[in-house]
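Survey of secondary and tertiary structure
Chain by chain, the residues:
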Amino acid sequence: MKKSFILLLSLSTILTGYSQSGLYQSGNQIVLDENFELFQKQMFSATRFEFENLKGVPMEENQIVLVDFHHAVSALKIDNPGASDLIYYFIRNYPNSPKVNEAAFILGNHFFDKRNYREAIPAFQKINTGKISPKQTSEVLFKTGYSFFQLKDYKNALGYFNQVKPLRAEYSPDAYYYAGYISMENGQFDQAIADFKEADKTPFYSQRVPYMLSGIYYKQGYFDELITYGESVIQSRKTLDRKGEIHLYLAEAYFEKRNFQQAAVNYDAFVNSRKRDLDKSQIYKAGVSQFEIQNYQRATDYFKVTAVNDDQIGQVSSYYLGHSYLKLNNPQFASNSFNAAYKSDIDPKIKEEALVNYAKVNLERGSFQDAVNALDTYLTNYPNGPYAKEADELLTDALINTSNYLRAIDHIEKMPKRSTRINAAYQKITFYQGLVYYRDKKHDLATTYFDKSLKVPEDRDIVVQTHFWKGENFASQDNLPQAIRSYEALQALKPRPADPYLQKSYYGLGYALFNTQQYAKAETQFKYYIDRVGKKDDSSNYDEAVIRLGDIYYVQKRFSDAQNIFQKAIQENSNYIDYAYFRSGVVFNFQNRNNEAISQLDKLLNNHPNSLYFEDALFQKSQINMEEMRYGEARNGFARLISSRPNSPFVPFALEGSAVANFSMQNYDQTINEYKRILENHPNSSNAEAALVGLQEALTLQGRTGEFSQYLSRYKNANPDNKSLQNLEYEAAKNLFFGGSFAQAIKAFEGYLKNYPQSANMAEANYFIGDSYYKLDNMVLALEYFYRIERDKNSPQRLRAVQRIAIIELENNNYSNAIPFLRESSNSARNKIEEFESNNGLMRAYYHIQSYDSVIFFADRVISLGSVTQDAIPEAMLLKAKAYRMKGDSRSADETLMDLVNEYKTVHGAEGLFLLAESYSKKPDYTQSNNAIFDFVAPFSNHDYWYGRSFILLADNYIKLGEDFQAKATLESILEGSTNSEIKKMAREKLATIK
């Protein structure tokens, strides 16, 4: 609105008129003229004073009017108290004066300029508009109306504005604008449109009216008019008041007209204007517009804002968000979005569709357990729903792929009617569950589920596999007759020759027949396996099958065939080449080809010093040298065995062999010493009596018969005549131990030692006492006994005691104490189990004392031993990866963790996945971390703690990526699905941090 206003009359005109009066020469007139000049110069303080002094001076009537007028106006100009009363006094006293309109106008403008609209109105109403020009009338009427407008008295304001409009004067556009505003507020939209259109014709309002008109068009539903007008003004006018809001009105209109392309453009234009935020319904419609034009990434920007609301818009937004993420090939986010839409009960139809889509997404991305839960929920809640048939078919697919086989089996077994498709699924998952129980060594349950699978033989390949694993399960229990029946049932099905399970059955059946001494049948199976599989397909089993075939020929005394097979293993560089050398040497010995026998044994001794058959080969070679009367070489071989393997069970026999060799070479003193060592250190050995006889003979030849009595006495003490009573008592104590009655076993062994203090079983009895305390968790007394045995370097039980000390010190977290005993156990191990236990202990001990290079070394040794126990390899891989991490070698750690996650679905693999995803997150690469979780987490759902930790990490990553909606949805899913209280607590605390 204009800020300057015109005066009704010009003071200069007035003054000129009076200067021409005939009274000009009078004295009073001169004074008046001087005061008029001061007034004209706006020296209002002076003129107020001068005019006030003139009030008592006799003057003509017209001079008195001028004095009172200028005195009142001067007082008003300097805001003198009571000045308005002076103006009103003037108006009342001189109603016929032409100066009345001027005085009222000046007073009205005075109040108007000070925004004292309540006082301005009566002042303006004193003006007689009939005596002023239309232009002046326009200003007075507008200002009166505007004052009413500011006082919210729209009725009176509109009356004045309507009087101004037809005058077509300067204030008419203003009147149209404010009249339009009042009509708009009163809901008289057509009149408002008409008024605004008139105002819009002027430059001043052409910037302001478009926003108002656009708003009215939108409220009236005049979308075509809004679009035509709005697009026109945006294109033609460079500056517009609230242009962003016009874009918003256009966006809403285009949305209503289903023109999503233009709606999207205008929503974005409003957002980019950054004047204010869209409300949630507008954000939702902006998202729909982007979705409809297939701009899915931009759609998610809008939907994820409104999806957090717990209302209908929030539910629908979550649903659209799910479909948007599907289009963007982001199934992880899609899953969370559909799940959020399903959890809302506001729109039942969307809830139902979201549940189906949630199931489909999880089925496609491999989260079979989530898919199963969702489909099962759908069929329970919507048994006659439009997607029931599809859900039933999808459930079958999900059940086949889920890791929760028991739940799937229970679901199918409860079905009143099963289709062929469902039976095929049941056959597979019962078979898979049987494999799970087999892996967990729950053999009876494994057999039960293998039998369930065989009852629905829909898939012949699965039948073949089931018979095979059923045979393996029986074989692992040493139930060889049943194992043989299962393998034979597989072969009776006559699978295709290349069937891998048929080929594996040759190996399994061969072993079962071999161990039941059905050598001819075993020979056939192993030959099938060797001929049809070949080394390149399965080198480990192939090599072992070759060796077993050689053993079959050997036990059947078909030495030529056996020799050919063992030489074949050697030529093929078998994994069992050391055994092949040993057996080849033994066979050559039986064939009286002793030089060739020694040649084979030397290859083992020289090339495989760590072989489990090293002692056997060394003893065998020495024995052959004895046969060939090469006594010196025989003696040296026995001596090498005794010095290199002091704890070997061959030692007493090597001592005897060495004694015989020395006797043959007439080295009687050495003969005597070696026989004495047998009697002193191995009094209970089976060759102790032979040693006593040999000692007597050697002492006699040396003329030292007097020494024999003490050794005879010692032998008698170790082997008293009443052997049956002593052995009965000892065996009774052992039976208590092996029966698990450890407290009673301790008392029995202590009583035995009291009765037979010189018994050859003393060392073993003490070991059993220590082991009983160990099994009773009395580690203090257990260690006391084991350390007592360990200190006797010649004790035959020393190695066993060392192994127990290592285990106890490890369990007591005395890692530094455990390590030397573990090392000795490792060096003295006689089989894979002992090697594994010692190396596994060393790996764990070195980890706790932070010797990470040693951890990696022994982890590799554990891994190289193979699956000695179910968790041997994954546990070693996990600790190896942790060691790499502690060394700062994140690349090697991540590679090891990836191998672990890919190969082992155990709790170690679950922890490994968390650590791998955590490593990616710390880099930081949140997307790679999330992808790792979603790609690999499904098989670990049974390991609730690490499964939950992975998803909490996922939520953390979402927060860091600015995806609060996804983080919230993830944490809510954890709270809903997890059974681990610690995980739920972590999720709850994390959820509380999201606004």
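What comes next concerns the included structure.

The rules we used
- For every chain, the first residue of its written sequence is number 1, and the numbers climb from 1 along that sequence.
- In view of the model being predicted, local features appear only for residues whose pLDDT reaches at least 70, and side-chain atom pairs are presented and counted only at 80 or more, with totals across whole chains, interfaces and linings using the full set of residues.
- Computation of side-chain values: all heavy atoms of the structure, hydrogens and water removed.
- Put simply, DSSP H or I for four residues or longer makes a helix, DSSP E for two residues or longer makes a strand, and each gets a number counted from the N terminus.
- It is over C-alpha atoms that the radius of gyration is taken, and the globule rule equals 2.2 Å times the number of residues to the power 0.38.
- Residue burial is assigned from relative accessible area. The probe radius is 1.4 Å, only protein chains are included, and a residue is buried under 20% of its type maximum, exposed over 50%, and partly exposed in between.
- Contacts were defined at the residue level, with two residues in contact if any of their heavy atoms lie within 4.5 Å.
- Polar contacts, as counted here, are pairs of nitrogen or oxygen atoms within 3.5 Å of one another; within protein the pair requires one atom able to donate a hydrogen and one able to accept it, and residues that are adjacent in sequence qualify only if both atoms are side-chain atoms.
- Whenever Lys or Arg places a side-chain nitrogen within 4 Å of a carboxyl oxygen from Asp or Glu, that contact is recorded as a salt bridge.
- Only buried residues count toward a nonpolar core, which is a set of Ala, Val, Leu, Ile, Met, Phe, Trp, Tyr and Cys residues joined through side-chain atoms within 4.5 Å.
- When two rings of Phe, Tyr or Trp (its six-membered ring) have centres within 6.5 Å they constitute a pair, described as stacked for plane angles under 30 degrees, edge-to-face for angles over 60, and tilted for the intermediate range.

Next up on the list: the overall build of the protein. Helix and strand counts for the protein stand at 55 helices and zero strands. Relative to its length of 995 residues, the protein is extended, with a C-alpha radius of gyration of 53 Å against a globular reference of 30 Å. Residue burial in the protein is summarised as follows: out of 995 residues, 53% are buried. When contacts within the protein are restricted to residue pairs at least 6 apart in sequence, those whose partners lie at least 24 apart make up 52%.

For residues that are not glycine, phi is negative in most cases, and the peptide bond is trans in most cases. Cis geometry marks the peptide bond from lysine 923 to proline 924; its omega dihedral reads -5°. With respect to the helices and strands, proline 924 occurs in the loop between helix 51 (907–922) and helix 52 (926–936).

It is worth spelling out the side chain of glutamine 491 at this point. Relative to the assigned elements, glutamine 491 resides in helix 28 (residues 480–492). A polar contact is formed between the side chain of glutamine 491 and the side chain of serine 505, at a distance of 3.2 Å. Residues in contact with glutamine 491, not counting those within four places in the same chain, are Leu502, Ser505, Tyr506, Leu509 and Gln525.

Moving on: the pattern of salt bridges. Where charged atoms of side chains with opposite charge meet at close range, the side chains can pair. Tallying each qualifying case throughout the model produces 47 salt bridges. Ionic pairing is found between arginine 800 and glutamate 764, a salt bridge with its closest N-O pair at 4.0 Å. Of this pair, arginine 800 sits in helix 45 (residues 798–811) while glutamate 764 sits in helix 43 (residues 762–775), and the two are 36 residues apart along the sequence. Classification of arginine 800 as partly exposed rests on a relative accessible area of 31%. Salt-bridge contacts for lysine 882 lead to glutamate 911; the nearest nitrogen and oxygen are separated by 2.8 Å. You can see lysine 882 sitting in helix 49 (residues 872–887) and its partner glutamate 911 sitting in helix 51, a full 29 residues away along the chain. Members of the salt-bridge network, linked through shared partners, are Glu544, Arg548, Asp551 and Arg583.

On to the environment of glutamine 710, then. The residue glutamine 710 is located in helix 40 (residues 708–718) in this model. Among the residues examined, glutamine 710 registers a relative accessible area of 45% and is labelled partly exposed. Once the C-alpha coordinates of glutamine 710 and arginine 118 are considered, the two residues, 592 residues apart in sequence, prove to be 139 Å apart.

Moving on to the nonpolar core. Ranked by size, the top nonpolar core spans 257 residues in total, and within it Phe161, Phe196 and Phe526 carry the most contacts. Counting residues in each nonpolar core, the second largest holds 53 residues, with Phe768, Tyr846, Ala872 and Tyr884 among its members.

A word on the packing of aromatic side chains. The relation between two aromatic rings is expressed through the spacing of the ring centres and the mutual angle of the planes. In the structure shown here, the tally under the stated rule is 77 aromatic pairs. Ring plane angle 55° and centroid distance 4.9 Å describe the contact between phenylalanine 737 and phenylalanine 768, whose orientation is recorded as tilted. Residue phenylalanine 737 is found in helix 41 (residues 723–738), and its partner phenylalanine 768 is found in helix 43; the two are separated by 31 residues along the sequence. Classification of phenylalanine 768 as buried rests on a relative accessible area of 3%.

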